[in-house]
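# Residue-level structural notes
Letter by letter, the chains look like this.
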Amino acid sequence: MKLSPKISQKVAWIAMWIAGVIVFLVLIGLVGFVFLRGIPTLSPGFLSKPITEGGILPAIIGTIYLVLLTLAIAVPLGLGAAIYLAEYAPKGKLTSVVRYGIETLAGVPSIVFGLFGMALFVIVLIGTQSILAGALTMACLVLPTMIRTSEEAIKAVPAAQREASLALGATKWQTITRVVFPAALPGIITAVILCVGRAIEETACLYATLGLSLLTPTSIFHGARTLSLHLYMLATEMPGDRGALVAQAMGTAVILICMVMLINFLAHHLSSRYMSRIRGTGSCEF
Amino acid sequence: MVESEKTWHNLPDRVSSRYLIDKLSRRAVFACAAISLLVLVAIVAFILREGLPAFIQIGVGEFLFGAEWSLKGQEFGILPLVLGSVLATFGTLIIAAPLSIACAIFLAEVSPKRVANVLRSAIEVLVGIPSVVYGLVGMAVLVPVIRKLGGSGYSLLAGIAVLSVMVLPTMTTITEDSLRAVPRGYKEAALALGATHWQAVWRVTVPAAKSGIAAAFVLGMGRAIGETMAVYMVIGNVFAFPTSPLDPARTMTTHILGQIQEAAVGSLHLRALFAVGIVLMIFILIFNSIAFALRRRVQ
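Each value, and the rule that gives it
Residues numbered from 1 in each chain as written. Chains lettered and ligands numbered in written order. Predicted model: local features only at pLDDT ≥ 70, side-chain atom pairs only at ≥ 80, totals over all residues. Heavy atoms only, no water. Helix = DSSP H or I, 4+ residues; strand = E, 2+ residues; numbered from the N terminus. Expected span 1.5 Å × (residues − 1). Bend = angle between axes of the 7 residues up to and from the residue. Axes fitted to C-alpha atoms, helices over the stretch in contact; angles between N-to-C directions. Parallel < 35°, antiparallel > 145°, perpendicular 65-115°, else oblique. Contact = heavy atoms within 4.5 Å. Nonpolar A, V, L, I, M, F, W, Y, C, P; charged D, E, K, R; others polar. Buried area = accessible area lost by both parts, 1.4 Å probe. Salt bridge = Lys/Arg side-chain N within 4 Å of Asp/Glu carboxyl O. Polar contact = N/O pair within 3.5 Å; in protein donor to acceptor, adjacent residues only side chain to side chain. Core = buried A, V, L, I, M, F, W, Y, C linked by side-chain atoms within 4.5 Å. Buried < 20%, exposed > 50% of the residue type's maximum accessible area, 1.4 Å probe, protein only. Domains from an automatic or database assignment. Phe/Tyr/Trp six-rings, centres within 6.5 Å; stacked < 30°, edge-to-face > 60°. Left-handed = near helix turned anticlockwise from the far one by under 90°.

Further remarks concern helix 5 (residues 131-149) of chain B. All names here are of chain B. For helix 5, with 19 residues, the first-to-last C-alpha span of 25 Å sits near the 27 Å given by 1.5 Å per residue. A bend of about 40 degrees at Gly-138 is the largest found in helix 5. Once helix 5 ends, the next one or two residues include Gly-150, with phi positive near 135 degrees.

Pasting the structure below:
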């Protein structure tokens, strides 16, 4: 049986609509379900009590520690590498090897970073599972994101701006720090925000490096857990009343989803402003 | 006189310091790039250093094709894990591929702009949701549903379903990009010859974008085989050959996650886990190289 072109067009279009609606419903269903189940758990006590009393305060503090320390390691390193790749790297074999290497690093699964972090940071360098070991592991994981996104931002700055600065007698480094960097800043901030997002959501690389401690961390040599790691422990490993633990996990998931949405919004907002500035239609503050 | 002399003496200093800074910063950023590359080298080196001895000690054949993993007998065979990973990955491809092509065509060709924008931001949110949240929802929603079909509910099928949702955004986004990269003229020529919109899309645009679409699938598979937390939470993590989608299974990633805390430093057990990591990396490397080559063909 062969359908006439017109009918097959209609059938196909309906099928495409259905696919689009399914994907949309999956998101709505997922987020809606988590919110329905999780919001009743949310209360000031949930946010401010220790884990042993059913709160998540230590996990919040652990997340903050981990994110800040990860950024402190990955941002300078990644930005430096991005500047090198965008401004200095000669176009040749070696540079493409570096690019391919970074590309490959981006594809390494989180759990392999976890193995590596345990072998190098936990066993060889630091000796215990700790925030420092977790942050070093996480920094390795977010590094490719940081490099690629900020390299693109730096490359998007028009060459004419560099040439104008050089023509005025500035050195290359002065041009980079005073002309290129400010122009690329929104893109670089987007890169940092993306790294924050990954540091919040990645879990497998932290399972054997961060230490899973229930207590509020007070130093980077202590163990800790992030919100996502805590969610995982609640849902699978922690002993106790299953129902209550899953409810807490749902509450934690609500907070995680809210953080991720905020991060998406910030990254989106900044990058669209940044694009309009590159095209010369937005406001120019610098 | 004194003032101008001062200026004169200061000037060369400043000029030279400016150039000194220029030189030093160049070296500093080069060092950053070198360290970044070194991280990759270190990862590979450490995984190999810890994992390769296990291959030798256990024997390559026995390790890859053995079906027993017991600490008492010091037997380490990973065939069920490899099979679990491969089944989960291909199962994911079977569910996610048609859906993501349809969704990409919907975004690129069918939907009104507003609807496309809403769907695109929904997809962006899906990308950002932590994998443990997918796992949690899978545990709370999918597992009870699958339990009604038979078994405990914690199953290969649950893993595949969760993975499909997780890779869908990546696959849809890259597929849509490659559909959009096809020159307008192709479709217009088809329309001018009297093809319907659907015929033009399905017989001209999609075939023209096939390298990019294939790259999207391979990248999705790479993500699926590397995913750990969400799969661990729903797949049951039983070390056995699954005989039906309703059976529990264990993948390479969930195996590493489940045992990493128990393995003693320096033991054959830990080295065997690194060896599982090596096998996993080889799979990922193959997927990535295929995707890289396919994308290069697009450009």
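Still more to cover.
All names here are of chain B. Contact pair helix 4 (residues 113-128) / helix 6 (residues 156-180): the axes reach a minimum separation of 9 Å and the direction vectors enclose 135 degrees. Classified by the angle their axes make, helix 4 and helix 6 are oblique. Across from Arg-120, Ile-123, Leu-126 and Val-127 in helix 4, the residues of helix 6 making contact are Pro-169, Thr-172, Thr-173, Glu-176 and Arg-180. Among the residues forming the contact of helix 4 with helix 6, the class breakdown is four nonpolar, two polar and three charged.

What follows concerns the interface of chain B and chain A. You'll often see interface size given as the accessible area lost when the parts meet. Listed per partner, the contact involves 77 residues of chain B and 76 residues of chain A. It is Leu136(B), Trp198(B) and Gln261(B) in chain B that bury the most area against chain A; as a group they hold 9% of the surface buried on that side. Across the contact surface, chain B and chain A share zero salt bridges. Viewed at the interface, chain A and chain B are joined by nine residue pairs in polar contact (both at pLDDT 80 or more). By residue number, the principal contributor to the side of chain B that touches chain A is helix 1 (residues 2-58) of chain B, which donates 20 residues. Its residues assigned to classes, the side of chain B that touches chain A shows 58 nonpolar, 14 polar and five charged.

Here we come to the nonpolar core. One finds Leu231(A), Tyr232(A), Phe63(B), Ile105(B) and Val133(B) to be the most contacted residues of the largest nonpolar core, which totals 192 residues. Look past the residues within four positions of Ile105(B) in its chain and what remains in contact with it is Met16(A), Val110(B), Leu179(B), Trp198(B), Val201(B), Trp202(B) and Val206(B).

With that settled, consider the domain arrangement of chain B. Residue and element names in this part refer to chain B. Assigned domains of chain B: these are domain 1 (2-58) and domain 2 (69-298). Relative to domain 2, the C-alpha centre of domain 1 lies at a distance of 38 Å. Listed per partner, the contact involves ten residues of domain 1 and nine residues of domain 2. Carbon and sulfur atoms supply 82% of the area that domain 1 and domain 2 bury against each other, a total of about 910 Å² over both sides. Among the residues domain 1 hides against domain 2, the three largest losses belong to Ile-47, Glu-50 and Ile-58. Together they make up 48% of the total. Here domain 1 is connected to domain 2 by zero salt bridges. Taken together, domain 1 and domain 2 are joined by one residue pair in polar contact (both at pLDDT 80 or more). Here the side of domain 1 that touches domain 2 is built from residues that sort into seven nonpolar, two polar and one charged.

Moving on, we get to the packing of aromatic side chains. All names here are of chain B. According to the stated counting rule, one finds twelve aromatic pairs over all chains in the structure shown. An angle of 70 degrees between the planes, with centres 5.1 Å apart, marks the rings of Phe-55 and Phe-63 as edge-to-face. Phe-63 carries the same exposure label as Phe-55, and that label is buried.

Attention now goes to the packing of helix 1 (residues 5-38) of chain A against helix 4 of chain B. In contact at an axis separation of 10 Å, helix 1 of chain A and helix 4 of chain B are set at 45 degrees when each is read in the N-to-C sense. It follows from the interaxial angle that helix 1 of chain A and helix 4 of chain B lie oblique. Where helix 1 of chain A crosses over helix 4 of chain B, the two elements pack in a sense that is left-handed. Across the interface between the two elements, Trp17(A), Gly20(A), Val23(A), Phe24(A), Leu27(A) and Leu30(A) of helix 1 of chain A pack against Val115(B), Val118(B), Leu119(B), Ala122(B), Ile123(B), Val125(B) and Leu126(B) of helix 4 of chain B. Partitioned by chemical class, the residues of the contact of helix 1 of chain A with helix 4 of chain B number twelve nonpolar, one polar and no charged.

This next bit is on the environment of Gly32(A). Residue and element names in this part refer to chain A. Considering the arrangement of structural elements, one finds Gly-32 in helix 1. Of the residues examined, Gly-32 reaches a relative accessible area of 30% and is grouped as partly exposed. For the pair Gly-32 and Met-233, spaced 201 residues apart in the sequence, the C-alpha separation amounts to 23 Å.

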